[in-house]
Amino acid sequence: MTVTPVSKDVSYESPKVPAPASDADLAIARRVLDIEANALRELADSLNGEFCNVINLIEGLKGRLVVTGMGKSGHIAKKIAATFASTGTPSFFVHPAEASHGDLGMIGKDDAVLALSNSGETPELSDIIAFTRRFNVPLIGMTRKPESSLAKQSDCPLVLPASPEACPNKQAPTTSTTAMLALADALAVTLMERRGFTSEDFRTFHPGGKLGQRLLHVHDVMHGVDTLPLISPDALMAEALVTMTSHSFGCVGVVDDAGVLAGIVTDGDLRRHMADNLVAMKVGDVMTTGPKVTSADALAVEALAIMNDRSITSLFVLDEGGVPVGLVHIHDLLRVGVA
C-alpha cells in the first residue's frame with residue numbers, strides 16, 4: 001500500500017497588508033448600525049411608567065431576578081442575568097426547556113421572572129409563564145408584541161418598539177436583540193444609581209482580572225505601620241541612613257513629636273547633600289518638606305498616578321491627622337497588577 005505524503009508546505013498565512021476597503025461592504029455595515037441606532041432612539045422615546053414599575057418591582061425583591069428566553073433571546077438573557085448579578089441585583093438564567101424538566105424548582109416565591117421573547121409566543125416559555133401565574137411570582141415580559149400572550153400575562157410588560165430588523169429579509173434577530181440588551185442595561189444602571197452602588201460594591205463582585213485590580217484600594221496593598229521607616233528631625237543622618245537601608249523602601253519618613261509627618265528623606269536628598277558632611281547633618285536639614293502622600297481609602301491607581309506624575313516610587317499613607325499609617329511602594333502596585 002502506497003501512502004502519499006501530505007505536503008508540509010500547505011499553510012495559511014494571514015495577509016500582512018489589510019484588505020482594501022470595499023465601499024459596498026462598508027455601506028452595508030453602516031446601514032446595519034444606523035438601523036440599530038435608530039431603534040435605540042425609538043426605544044428611549046418609548047419609555048414610560050411601565051419601566052418605573054419594573055424598577056420598583058426589582059428593587060423591592062426579597063429573592064432573585066430569574067431571567068429566561070429561548071434561542072437568540074436566551075443568549076441575551078444570559079448576559080442580562082450576568083449584568084444584574086454583577087451590579088447588585090441577585091440574578092441567574094434558567095433555560096426554558098430545562099425549566100419544564102425540573103428547573104422550575106429553582107424559582108422561589110420571593111423571586112421575579114424576566115422573560116424575553118420577540119414574538120411573545122415562544123412555546124418553550126409556556127411552562128414558566130404558567131408557573132408564575134400559579135404561584136403568584138411576578139412576571140416581567142419583554143417583547144415587541146403588545147397583544148402577545150407574554151405581554152398579556154405579564155404583571156409588568158416591557159414592550160419594545162416594532163423597529164425593523166437589520167438583516168436584508170428582516171427576520172434574523174438583530175435590532176430586536178440589541179434593544180433587549182440595551183433596555184436591560186438601562187434597568188440595571190437605573191437600579192445601581194437608585195441604590196448608590198459604589199466602586200467598592202462593584203469590586204466586591206469583580207475581584208478578579210484587570211477590573212478588580214484597578215478597583216483595589218491603597219489599604220489593600222500598603223505596608224502597615226509596624227514596618228514604616230520613621231525618624232525624628234533632630235536625629236543625625238547617620239541614623240537615618242541605617243533606618244533607610246534596613247527597610248529597603250528608598251526613603252525614610254520624618255515625624256515630629258506628635259507623630260505627624262513633617263517631611264521625607266529620599267535617595268535624591270542624599271545625592272544633593274553628598275558633598276556636605278552628610279552623616280553629621282541633622283535629618284531636619286536634609287529632608288524634603290511637604291512630600292506627596294495618599295490615604296488608605298484612595299484607589300491604588302490614584303496612588304500610581306501620583307507616583308508617575310512626580311517620578312517617585314513610594315508614598316506615605318496618612319490618617320486624617322497627618323500621622324503615617326502605612327506606605328505603598330511601586331513594587332507593591334506591580335505585584336498586584338495595578339502598575
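For clarity, every value in this text was computed on a predicted model and none was experimentally measured.

J.: I'm lost on the overall build of the protein in this one. Help?
T.: A count of helical and extended segments in the protein gives 15 helices and 13 strands. For the protein, the residues scored as buried account for 41% of the 339 residues in total. Taking contacts inside the protein between residues at least 6 apart in sequence as the whole, the part at least 24 apart equals 63%. As presented, the protein carries roughly 18500 Å² of accessible surface, and 55% of it is formed by carbon and sulfur atoms.

J.: What is the right way to look at the nonpolar core in this model?
T.: General note: in soluble globular proteins, nonpolar side chains tend to be found buried as a group. Among the nonpolar cores identified, the biggest contains 29 residues, and Leu-65, Phe-84, Leu-114, Leu-116 and Ile-140 are the most heavily contacted of them. When contributions to this core are tallied by element, the ones reaching two or more residues are helix H2 (49–59), strand E1 (65–69), helix H3 (72–86), strand E3 (112–116), strand E4 (139–143), strand E5 (156–159) and helix H7 (175–195). The element contributing the most residues to this core is H7, with seven residues. Leu-116 has contacts with Val-67, Thr-68, Gly-69, Met-70, Ser-73, Ile-76, Ala-77, Ile-80, Leu-125, Met-142 and Met-180, leaving out every residue within four places of it along the chain. Met-307, Leu-315, Val-328 and Val-338 belong to the second-largest nonpolar core, a separate cluster that totals 16 residues.

J.: I would appreciate a short explanation of helix H11 (residues 237–247) in the present structure.
T.: Along an α-helix, residues three or four apart share an orientation, since each turn contains 3.6 residues. Buried within H11 are the following residues: Met-237, Ala-240, Thr-243 and Met-244. Along the axis of H11, the buried positions cluster into a sector of 115°, meaning they face one direction only. In H11, those exposed residues whose orientation departs by more than 90 degrees from the buried face are Val-242, Thr-245 and Ser-246. Of the surrounding secondary structure, the elements contacted by the buried residues of H11 are strand E7 (230–231), strand E8 (251–255), strand E9 (261–266), helix H12 (267–272) and helix H13 (283–286). In the segment just after H11, Ser-248 is the residue with positive phi, at about 60°.

J.: Help me out: how do you make sense of helix H5 (residues 126–134) in this one?
T.: Considered for burial, the residues of H5 that qualify are Ile-128, Ile-129, Phe-131 and Thr-132. All buried residues of H5 lie within an arc of 160° about the axis, which places them on one face of the element. On its buried face, H5 sits against E1, helix H4 (96–99), E3, E4 and helix H6 (149–153).

J.: Explanation requested: the sheet that holds strand E2 (residues 91–93) in the structure shown.
T.: What holds strands together in a sheet is hydrogen bonding between their backbones, with the strands either parallel or antiparallel. The strand order across the open sheet built from five strands is E2-E1-E3-E4-E5, with neighbouring strands paired in parallel fashion. A strand with exactly one partner marks an edge of an open sheet, and here the two such strands are E2 and E5. Strand after strand, the sheet turns through a mean of 20° between neighbouring axes, direction not considered.

J.: What is the right way to look at unusual backbone geometry in this model?
T.: Among all residues save glycine, negative phi is the norm, and among peptide bonds the norm is trans. Even without a glycine there, the phi angle at Asn-136 is positive, about 55°. By secondary structure assignment, the location of Asn-136 is in the loop between H5 and E4. Look at Asn-136 and you get exposed, because its relative accessible area is 67%. Positive phi is not limited to glycine here, since Ser-248 has a value of about 60°. Counting through the fold element by element, Ser-248 comes out in the loop between H11 and E8.

J.: Explanation requested: the environment of Ala-179 in the structure shown.
T.: Tracing the sequence through the fold places Ala-179 in helix H7. Spatially, the C-alpha atom of Ala-179 lies 7.1 Å from that of Ala-39, the residues being 140 residues apart in sequence. Leave out the neighbours within four places in its chain, and Ala-179 touches Leu-40, Leu-43 and Leu-160.

J.: Would you take a moment to explain the side chain of Ser-148 for this structure?
T.: In this structure, Ser-148 sits in the loop between E4 and H6. Engagement of the side chain of Ser-148 in a polar contact is seen with the backbone oxygen of Lys-145, the distance being 2.7 Å. Side-chain polar atoms of Ser-148 contact the backbone nitrogen of Ala-151, separated by 3.3 Å. Not counting residues up to four positions away in its chain, the partners in contact with Ser-148 are Ser-119, Gly-120, Glu-121 and Thr-143.

J.: Explain the packing of helix H1 (residues 23–46) against H7 here, please?
T.: Their axes nearest at 10 Å, the elements H1 and H7 cross at an angle of 45°. Taken as axis vectors, H1 and H7 run oblique relative to one another. For H1 against H7, the interelement crossing comes out right-handed. Along its contact with H1, which presents Ile-35, Glu-36, Ala-39, Leu-40 and Leu-43, the element H7 presents Thr-175, Thr-178, Ala-179, Ala-182 and Leu-183. For the contact of H1 with H7, the residue count by class is seven nonpolar, two polar and one charged.

J.: Would you explain the pairing of E4 in this entry?
T.: Within a regular strand, side chains alternate between the sheet's two faces. Along E4, five of the five residues are buried, which leaves the element largely enclosed by surrounding structure. Burial of the side chains of E4 extends over both faces: Leu-139, Gly-141 and Thr-143 are buried on one face and Ile-140 and Met-142 on the other. Alignment of E3 against E4, held across four bridges, turns out to be parallel. Within E4, the residue paired with Val-113 across the bridge is Leu-139. After leaving E3, the chain enters H5 and then returns to the sheet as E4, a path that is right-handed. Where E4 lies against E5, four bridges are found, and the strand directions are parallel. Bridge pairing in E5 places Thr-143 opposite Val-159.

Calculation rules
Residues numbered from 1 in each chain as written. Predicted model: local features only at pLDDT ≥ 70, side-chain atom pairs only at ≥ 80, totals over all residues. Heavy atoms only, no water. Helix = DSSP H or I, 4+ residues; strand = E, 2+ residues; numbered from the N terminus. Buried < 20%, exposed > 50% of the residue type's maximum accessible area, 1.4 Å probe, protein only. Contact = heavy atoms within 4.5 Å. Areas by Shrake-Rupley, 256 points an atom, 1.4 Å probe, with all protein chains shown as cover. Core = buried A, V, L, I, M, F, W, Y, C linked by side-chain atoms within 4.5 Å. Arc of directions from axis to C-beta. Pairing = 2+ DSSP bridges. Axes fitted to C-alpha atoms, helices over the stretch in contact; angles between N-to-C directions. Polar contact = N/O pair within 3.5 Å; in protein donor to acceptor, adjacent residues only side chain to side chain. Parallel < 35°, antiparallel > 145°, perpendicular 65-115°, else oblique. Left-handed = near helix turned anticlockwise from the far one by under 90°. Nonpolar A, V, L, I, M, F, W, Y, C, P; charged D, E, K, R; others polar. Right-handed = clockwise from strand over helix to strand, strands pointing away.

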